[in-house]
Amino acid sequence: MILVLNSGSSTLKYSVWDGAKDVAKGTIDRIGTMKSALDEAFGALGNAVVEAVGHRVVHGGGRFAEAVLIDDAVEQAIDELGAIAPLHNPYALEGIRAARERFPGIPQVAVFDTAFHHTLPARAYTYAVPGNIGIRRYGFHGISHQYVSERFAELVGKPASELRLITVHLGNGCSMCAVEHGKSIDTSMGFTPMEGLVMGTRCGDLDAGAVLHLLETRQTQPADLRETLNSGSGLLGMSGISNDMREILGAAVAGNQQAAAAVDVFYYRARKYVGSYLAAMNGADAVVFAGGIGENSPEVREGICKDLDALGVSVDPNANGSNSTGDRQIGFGRVAVWVVHTREDLLIANLCSQLTKTTCSAA
Ligand code: ADP
């Protein structure tokens with residue numbers, strides 16, 4: 001069996017896959033240390049015989065273009081990449097260290113959220129700044145974008161190499177990806193996960209000049225501004241209510257103007273990105289929604305797709321608002337619109353089994 005761990009700042013998510021089905025799955029709030037959260041997760045495994053462990057690692061930088069078996073050198077590289085992913089990599093590293101200690105001799109694999117975007121052409125990953133500054137766009141959520149695009153190809157029975165897709169991952173973090181012939185050619189997150197769409201607590205696209213203005217005129221410390229833009233902005237910052245889309249939609253319906261305005265900005269930003277990826281690929285076969293918001297909110301899908309009919313994108317109100325769940329088509333225009341349930345843990349388990357030659361790959 002394969003144990004998949006996603007060690008984040010506030011939660012530890014784990015799942016156990018036996019090759020055909022989930023054996024265990026859970027999310028542990030990290031009130032205590034990573035060690036105590038992992039002990040709880042390991043305790044929940046019962047008698048499951050763990051043959052391999054797959055870890056979600058947010059940042060693989062320019063170094064990791066694909067999943068790798070973890071050894072000391074890989075562990076060190078993930079540690080070093082913490083310099084550009086201070087909010088993410090240290091937690092993955094804690095999980096890796098604890099799991100290597102708990103399962104000595106069992107192969108462990110790192111699967112990077114940046115790896116799928118290694119195919120970005122230079123024109124998409126380059127910021128228009130002097131090259132020696134040393135920043136570029138990496139893109140994140142790659143595990144979800146890859147899973148969703150491959151799953152879509154499977155659902156429609158076409159090779160990924162014949163499809164142009166716009167995958168829209170809307171969870172607490174939100175990002176979009178242009179997947180051309182199975183490869184990521186553009187994505188909305190950049191050097192950090194802060195760029196792009198409006199998110200639960202992150203601002204998304206923001207003028208670099210505005211950041212400088214705030215630092216220069218408000219005597220704001222960089223760390224405080226980072227906190228504001230990462231954890232106090234987005235839906236939470238604009239609405240003043242919550243980062244939870246359900247609560248904001250509810251408040252907007254109840255007449256809260258700030259909540260309604262926040263939702264409007266969220267929709268408009270996402271709609272502009274759909275348009276720009278249609279331009280990037282000169283059209284698309286489908287827009288595919290995933291993530292907690294993308295999978296569960298007909299209002300949001302409708303709000304983003306409305307007024308895109310001239311570009312061939314529209315959702316069918318009956319299919320979109322129906323009570324059916326699971327992977328399904330909800331728009332039937334020139335560009336189809338679909339909902340696909342993302343399973344990052346399954347892609348990690350699959351890559352893990354390929355690399356470790358265990359027999360637990362998914363069908
Ligand atoms: P994470 O990115 O942490 O994995 P999820 O993918 O679970 O998070 O997404 C969480 C978001 O999904 C929250 O904003 C939550 O409000 C939203 N969400 C879940 N169900 C619904 C729903 N029925 N309608 C609108 N938003 C929803």
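In short, a report on the structure. The structure presented is a predicted model; accordingly, all values stated were derived computationally and were not measured. (Residues numbered from 1 in each chain as written. Predicted model: local features only at pLDDT ≥ 70, side-chain atom pairs only at ≥ 80, totals over all residues. Heavy atoms only, no water.)

Quick look at the site of the ligand
Next up, step 1: Near the ligand, the surroundings consist of 13 residues, among which Asn172, Asp244, Met245, Gly292 and Ile293 are the closest.
Next up, step 2: Between the ligand and Arg246, the relevant distance is 3.3 Å, taken from an oxygen atom to a main-chain nitrogen or oxygen of the residue.
Next up, step 3: At 3.3 Å, a backbone N or O of Ile293 approaches an oxygen atom of the ligand.
Next up, step 4: Protein contact buries 72% of the 580 Å² of open area that the ligand shows by itself.
Next up, step 5: Elements represented by at least two residues in the shell around the ligand include exactly helix H9 (245–253) and helix H11 (291–296).
Next up, step 6: The class makeup of the residues in the shell around the ligand is two nonpolar, eight polar and three charged. (Near = heavy atom within 4 Å. Polar contact = N/O pair within 3.5 Å; in protein donor to acceptor, adjacent residues only side chain to side chain. Areas by Shrake-Rupley, 256 points an atom, 1.4 Å probe, with all protein chains shown as cover. Helix = DSSP H or I, 4+ residues; strand = E, 2+ residues; numbered from the N terminus. Nonpolar A, V, L, I, M, F, W, Y, C, P; charged D, E, K, R; others polar.)

Some points on the sheet that holds strand S5 (residues 68–69)
Next up, step 1: Pairing in this open sheet of six strands is mixed, and the strands run S3-S2-S1-S4-S6-S5 from one edge to the other. Two strands in the sheet have a free side with no partner beyond their single neighbour: strand S3 (22–29) and S5.
Next up, step 2: One ladder, built from six bridges, connects strand S1 (residues 2–7) with strand S2 (residues 11–17); its direction is antiparallel. The residue bridging Asn6 from the neighbouring strand is Lys13, located in S2. (Pairing = 2+ DSSP bridges.)

Some remarks on the state of the cysteines
Next up, step 1: Under the counting rule described, the total for this entry stands at zero disulfides.
Next up, step 2: Unpaired in terms of disulfides, Cys203 finds its nearest cysteine sulfur in Cys174, a separation of 12 Å.
Next up, step 3: By relative accessible area, Cys203 is classed as buried at 14%. (Disulfide = S-S within 2.5 Å. Buried < 20%, exposed > 50% of the residue type's maximum accessible area, 1.4 Å probe, protein only.)

What to know about a nonpolar patch on the surface
Next up, step 1: The grouping of Val129, Ile133 and Ile135 at the surface amounts to a nonpolar patch, some 230 Å² of accessible area in total.
Next up, step 2: In this structure, Ile135 sits in the loop between helix H4 (122–125) and helix H5 (142–156). (Patch = residues over 30% accessible without salt bridge, like charges linked within 9 Å, V, L, I, M, F, W, Y side chains within 5 Å. Salt bridge = Lys/Arg side-chain N within 4 Å of Asp/Glu carboxyl O.)

Looking at the environment of Val313
Next up, step 1: The residue Val313 is located in the loop between helix H12 (298–305) and helix H13 (317–321) in this model.
Next up, step 2: Counting along the chain gives 42 residues from Val313 to Leu355, while the straight-line C-alpha distance between them is 39 Å.

A look at the environment of Met245
Next up, step 1: You can see Met245 is positioned in helix H9.
Next up, step 2: Spatially, the C-alpha atoms of Met245 and Leu165 are 25 Å apart, while their sequence positions differ by 80 residues.
Next up, step 3: Once you skip the residues sitting within four places of it in the chain, Met245 turns out to touch Leu235, Phe266, Ile293 and Val300. (Contact = heavy atoms within 4.5 Å.)

Details of the sheet that holds strand S8 (residues 174–180)
Hydrogen bonding along the main chain pairs the strands of a sheet, whether they run parallel or antiparallel.
Next up, step 1: Taken together, six strands build an open sheet; the order of strands is S9-S8-S7-S10-S12-S11 and the sheet is mixed. Each edge of the open sheet is held by one strand with a lone partner, namely strand S9 (183–187) and strand S11 (328–332). Going from strand to strand, the sheet's axes swing by 25° on average, the running direction of each strand aside.
Next up, step 2: Relative to S8, strand S7 (residues 164–170) runs antiparallel, the two being bridged by seven bridges. Paired with Leu170 across the strands is Cys174, a residue of S8. (Axes fitted to C-alpha atoms, helices over the stretch in contact; angles between N-to-C directions.)

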